[in-house]
Amino acid sequence: MHPYLPHTDEDLRAMLERCGATSADELFADIPENLRLKPGGYALGAPMAEADVRRYFRGLGKKNEALACFAGAGWYNHYCPAAVEALASRSEFYTAYTPYQPEISQGTLQYIFEYQSMIASLTGMDVANASMYDGATATAEAMIMAVAAGKKRKRVLVSATLAPATLQVLATYAEGHGIILETVSATDGVTDRTDLTARLGAGDVAAVILATPNYYGILEDLEGLADEVHAAKALLIVSAPAVTLGVLRSQGAWGADIACGEAQSLGLPMNYGGPGLGYLACRQGLKRKMPGRIVGATLDEDGRRVFVLTLQAREQHIRRQKATSNICSNQGLMTLHAAIYLSLMGPDGLREVNETSARVAHDLADRLAATGKMRLRYPGQEWLNECVMTVFEPLTTDDVLKACLRRGILAGKALTERELLVCATEMCTAEDVENYVEAVKAL
């Protein structure tokens, strides 16, 4: 079944015994049966000539329908300047591996350094790293950092307003590290501060994790929260989509100790869901708890400015189970994309992207409400370019999604039968908004 694996039967028996399993089926019992590779492998069919393979995949590609995208939920359809793809496609940058040898890796080290510098600036933090896989795992790594800094404290409070996928990843990481994860309830779409205060008062909390904008697109007011968290001898972790930091108050300005989130919004293509790029930044005192790698600038023996790997907390560097993290391969290509995007856009470009997105989103929400068939779910809350719309009975979110799909529009993400998470970016045109509104009017 696996002809290229070098393990002998004796090797397999020894490994199974060490794992406490009697067979491979028992070892992988947690994996659903329908996801396991069956004997006989994949039904790939007969070999094809290269030209035939290209024709085959072109045919598959033509089945994809390009939709006007009003869906967000952590993945955002922002425009990527042509220069980003052109520069990132240069062969010098094509590697997923860590630049161990600085004397031959100056280009790679420099763009990572520049990326870290820009992320530190956006987040208002002292130090930023590279090589986080995505926003969810970056948040989980932030949680582990906080627990490591809190010594014997194992309780972590996490707001219910984080993305469901992030909450699931946090739960997975927490189980493996013996962390007690408690969910703080939400009221009117934001973190319930009364519940949070009560849980903090119980003591033994290592960290509090919140997001702003949160999963519902709402800008949470974190005024005074850092003081409350620090008074309980805990750390504050705040997550945010990276592009929003171009106009919103940074995590550092809120008094957070660790900033994290998804950086896909910095010009990375959506590409049917991946790859993403997690960012992670922290206060100076926590840098040695940070996973991944930190590139620094120094001088060589001739006094020239050069770049080096300053800190590396990797399991491959002898530490193994004592490693800060299992973060391993370098998310370098996505880091490069984000660095080029940020350098091209600059502060003015980021502001324009956010302001345009917000203007389109608020116009759409107002016009949808004017149809009398939808309204804002949380009308008293501030939001940027993403919001929850309630669909009035007898209509359902499925009705809205299908009606818009017939007009070439992805209308949003259904949260419930009557709640639709709607997002707009600078890629949404006036015509797209008009088509969306007309589709709802026709229901």
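Below, the structure is looked at part by part. If you're wondering where the values come from, they're calculated on a predicted model, not measured in any experiment. (Residues numbered from 1 in each chain as written. Predicted model: local features only at pLDDT ≥ 70, side-chain atom pairs only at ≥ 80, totals over all residues. Heavy atoms only, no water.)

**Description of the overall build of the chain**
Part 1 of the reasoning: Helix and strand counts for the chain come out as 14 helices and 17 strands.
Part 2 of the reasoning: Its C-alpha radius of gyration of 24 Å places the chain within 12% of the 22 Å reference for a compact globule of 443 residues.
Part 3 of the reasoning: C-alpha atoms of the chain, sized along the principal axes, occupy 65 × 65 × 55 Å.
Part 4 of the reasoning: Sorting the 443 residues of the chain into buried and exposed places 47% on the buried side.
Part 5 of the reasoning: For the chain, restricting intrachain contacts to residue pairs at least 6 apart in sequence, the fraction spanning at least 24 positions comes to 69%.
Part 6 of the reasoning: Within the structure as shown, the chain displays about 22,700 Å² of accessible surface, and the carbon and sulfur contribution to it stands at 54%.
Part 7 of the reasoning: Across the chain, the centroid of the 42 positively charged side chains sits 3 Å from that of the 52 negatively charged ones. (Helix = DSSP H or I, 4+ residues; strand = E, 2+ residues; numbered from the N terminus. Rg over C-alpha atoms; globule rule 2.2 N^0.38 Å. Buried < 20%, exposed > 50% of the residue type's maximum accessible area, 1.4 Å probe, protein only. Contact = heavy atoms within 4.5 Å. Areas by Shrake-Rupley, 256 points an atom, 1.4 Å probe, with all protein chains shown as cover. Lys, Arg positive; Asp, Glu negative; His and termini not counted. Charge placed at Lys NZ, Arg CZ, Asp CG, Glu CD.)

**A word on the sheet that holds strand β8 (residues 235-239)**
Part 1 of the reasoning: Across the sheet, seven strands lie side by side as β2-β10-β9-β8-β7-β3-β4; this open sheet has mixed pairing. Because the sheet does not close on itself, it has two edges, and the strands there are β2 (127-128) and β4 (180-184).
Part 2 of the reasoning: Pairing of β8 with strand β9 (residues 258-262), which is carried by three bridges, proceeds in the parallel orientation. Pairing of S239 across the sheet is with C260, part of β9.
Part 3 of the reasoning: Along the sheet, helix α6 (residues 135-149) contacts β3 (155-159), β4, β7 (205-211), β8, β9 and β10 (278-282); its crossing angle with β9, the most-contacted strand, is approximately 160 degrees. (Pairing = 2+ DSSP bridges. Axes fitted to C-alpha atoms, helices over the stretch in contact; angles between N-to-C directions.)

**Some thoughts on the packing of helix α12 (residues 332-370) against helix α14 (residues 430-441)**
Part 1 of the reasoning: Where α12 contacts α14, the axes come no closer than 10 Å and their chain directions differ by 20 degrees. Taken together, α12 and α14 sit at an angle that is classed as roughly parallel. Between α12 and α14 the crossing geometry is right-handed. Where α12 abuts α14, its residues V360, D363, L364, R367 and L368 lie against V433, E434, Y436, V437 and V440. (Parallel < 35°, antiparallel > 145°, perpendicular 65-115°, else oblique. Left-handed = near helix turned anticlockwise from the far one by under 90°.)

**Structural notes on the pattern of salt bridges**
Part 1 of the reasoning: Taken as a whole and judged by the stated rule, the model has 18 salt bridges.
Part 2 of the reasoning: A salt bridge links R36 to E33; the nearest nitrogen and oxygen atoms lie 3.8 Å apart.
Part 3 of the reasoning: The partly exposed category is assigned to R36, whose relative accessible area is 22%.
Part 4 of the reasoning: Its salt-bridge partner being D300, residue R304 comes within 2.8 Å of it at the nearest N-O pair.
Part 5 of the reasoning: A residue is classified by how much of its surface remains accessible, and R304, at 52% relative accessible area, is exposed.
Part 6 of the reasoning: The network of salt bridges with shared partners includes R155, E182, D195 and R199. (Salt bridge = Lys/Arg side-chain N within 4 Å of Asp/Glu carboxyl O.)

**Comments concerning the pairing of β9**
Part 1 of the reasoning: Extensive coverage of β9 is indicated by the burial of five of its five residues.
Part 2 of the reasoning: Covered by surrounding structure in β9 are I258, C260 and E262 together with A259 and G261, the residues of both alternating faces.
Part 3 of the reasoning: Here five bridges tie β9 to β10, and the two strands are oriented antiparallel to one another. Considered in β10, the bridge of C260 is made with L280.

**Section: the nonpolar core**
Soluble, globular proteins show a tendency: their nonpolar side chains are buried together.
Part 1 of the reasoning: Core analysis: the biggest nonpolar cluster contains 53 residues, and V208, L236, L266 and Y279 have the highest contact counts within it.
Part 2 of the reasoning: Counting residues per element, this core draws most heavily on α12, which supplies nine residues.
Part 3 of the reasoning: If you look at the next biggest cluster of nonpolar residues, it comprises 30 residues, including A140, I144, V156 and A174. (Core = buried A, V, L, I, M, F, W, Y, C linked by side-chain atoms within 4.5 Å.)

**So, the pairing of β8**
On any regular strand, side chains alternate: one points to one face of the sheet, the next to the other face.
Part 1 of the reasoning: Of all five residues in β8, five are buried; the element is thus mostly enclosed.
Part 2 of the reasoning: Burial of the side chains of β8 extends over both faces: L235, I237 and S239 are buried on one face and L236 and V238 on the other.
Part 3 of the reasoning: Two strands pair when backbone bridges link them, and β7 and β8 are joined in this way by five bridges, in the parallel orientation. Note that in β8 the partner of I209 across the bridge is I237.
Part 4 of the reasoning: Tracing the backbone out of β7, into helix α9 (residues 225-231) and back to the parallel element β8 gives a crossover that is right-handed. (Right-handed = clockwise from strand over helix to strand, strands pointing away.)

**Details of helix α8 (residues 193-201)**
Part 1 of the reasoning: Turning to α8, its buried residues number three or more, namely D195, L196 and L200. Buried residues of α8 fall within an arc of 135 degrees about the axis and therefore sit on the same side. Projecting away from the buried face of α8 at angles above 90 degrees are the exposed residues T194, A198 and G201.
Part 2 of the reasoning: Where α8 is buried, its residues contact β3, β4, β7 and α9.
Part 3 of the reasoning: Between the side-chain oxygen of the N-cap and the backbone nitrogen of T194 there are 3.0 Å, and the N-cap of α8 in question is D192. (Arc of directions from axis to C-beta. Polar contact = N/O pair within 3.5 Å; in protein donor to acceptor, adjacent residues only side chain to side chain.)

**Describing the packing of helix α13 (residues 397-405) against α14**
Part 1 of the reasoning: Closest axis-to-axis distance for the α13/α14 pair is 9 Å, and the angle between their directions is 125 degrees. It follows from the interaxial angle that α13 and α14 lie oblique. In terms of crossing hand, the pair formed by α13 and α14 is right-handed. Taken together, the residues of α14 that come into contact with α13 (itself represented by V400, A403 and C404) are Y436, A439 and V440.
Part 2 of the reasoning: Across the contact of α13 with α14, the residue classes tally to six nonpolar, no polar and no charged. (Nonpolar A, V, L, I, M, F, W, Y, C, P; charged D, E, K, R; others polar.)

**Quick notes on the sheet that holds strand β17 (residues 419-423)**
Part 1 of the reasoning: Overall, antiparallel pairing links the four strands, which are arranged β13-β14-β17-β16 in an open sheet. Looking at strand neighbours, the two that pair on one side only are β13 (374-376) and β16 (413-414), the edges of this open sheet.
Part 2 of the reasoning: Of the pairings in the sheet, the one linking β16 to β17 comprises two bridges and is antiparallel in character. Bridge assignment links A414 to a residue of β17, and that residue is L420.

Geometric descriptors of this kind do not, in isolation, establish any biological role.
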